[in-house]
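Descriptive analysis of the structure
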Amino acid sequence: MVTVYEGEWDRDNWHGVGTWWSPDGLGDIYHGQFDHGKKCGTGRILFGGGGDGGTRNSQGGGGSYVGEWKDDEFHGRGVRLWANGDRYDGLWVCGKEHGEGTKAWSRDGSSFTGLWVNGVPIKGTRKWPNGDLFEGTFTQDGCRGEGVVTLSQASVLKGTLNNNLFQSGNSEVQHQMGSSLPQFEHHQWIEKLRNEHTKQKSDLKSKMEEEMQATVKEWQKVTETNNQQHAEQLNEVNKKLQQLQDQLQTKQDEEEISVRMGKAHSLTTLFQYQFHKS
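A quick note: this is a predicted structure, and the numbers were derived from the prediction, not measured.

Thoughts on the pairing of strand E11 (residues 133–139)
Note: strand E10 (residues 120–127) against E11, five bridges, orientation antiparallel. Residue Lys 127 lies in a different strand from E11, and its bridge partner there is Leu 133. Connecting the antiparallel pair E10 and E11 is a turn made up of five residues, with Gly 131 showing a positive phi of about 105 degrees.

Some details on the confidence of the model for the protein
Mean pLDDT for the protein: 78, with 67% of residues reaching 70 or above. Low pLDDT, under 50, characterises residues 51–59; the predicted model gives this stretch 26 contacts beyond four residues in sequence or across chains. Note that pLDDT drops below 50 for residues 182–187; the model gives that stretch two contacts with residues more than four away or on any other chain.

Looking at the pairing of strand E2 (residues 13–21)
Pairing between strand E1 (residues 4–10) and E2: six bridges, direction antiparallel. Across the sheet, Val 4 pairs through a bridge with Trp 21, a residue of E2. Hairpin connection, E1 to E2: the antiparallel pair is bridged by two residues, and Arg 11 has positive phi, about 60 degrees. The sheet contact formed by E2 and strand E3 (residues 29–35) spans six bridges and is antiparallel. Paired with Gly 16 across the bridge in E3 is Phe 34.

Digging into unusual backbone geometry
In the Ramachandran plot, Arg 11 falls in the positive-phi region, its phi being about 60 degrees despite a non-glycine side chain. Take Arg 11: it is sitting in the loop between E1 and E2. With relative accessibility at 79%, the residue Arg 11 sits in the exposed group. Positive phi is not limited to glycine here, since Asp 71 has a value of about 50 degrees. Mapped onto the elements of the fold, Asp 71 is located in the loop between strand E5 (64–70) and strand E6 (73–81).

Rules of the game
- Residues numbered from 1 in each chain as written.
- Predicted model: local features only at pLDDT ≥ 70, side-chain atom pairs only at ≥ 80, totals over all residues.
- Heavy atoms only, no water.
- Pairing = 2+ DSSP bridges.
- Helix = DSSP H or I, 4+ residues; strand = E, 2+ residues; numbered from the N terminus.
- pLDDT = per-residue confidence, 0-100.
- Contact = heavy atoms within 4.5 Å.
- Buried < 20%, exposed > 50% of the residue type's maximum accessible area, 1.4 Å probe, protein only.

Have a look at this one:
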């Protein structure tokens, strides 16, 4: 099989901007940047119908990719279109969806926007054409997870997703995401949704009340501790004040005794003087 390249070179390596045709039978055509013989930088590839290269993922041949490359693999930001109509727009690492990105599936018209790791959606939002929406954590290509669902009937519930089948927390409500409900089941199903929603609201209210009561008790405990500490501090201040008052009274008493003794001494001296004079 023959590989054809037309473009810039660095000695014996494809280097710069060029166009590459895959070996006979595959039909791939790439136009973009090369770095010493490897697709690297920005470029666009159109996949032929033959084979299944490492960058085709699991959807088979065909389609296209335009975006960033490194060492012959999708790496950076890019858009991948598959022959079956699937589309991914986001970040890539070593040929796999990795980072923030959005993928749309042609089989049911749904899409996922969020975090990807090694080609698998991990956390984000899955949407269906009828308005159903699931937000949470995922495994296995976005078909299984745990989180919160918003259904097209404007009901919000918590539960699990398994192969696009949603099941509420108490298992009373089941719904195939993206599908409509049979008319004869609609009233009973809506009643279940209302009961489930009411129960979730009641549980949340009870939890909030418990947390509020615990917070009030903790605040009262802190307040009592602070009041006791303030009382002890006030008692110490009163003791020191009383001591100062006692010391002041003692000093005043001493000064009064000294004044009286001085007056008595003066009277004695005057009496002695008058006695000698007579």
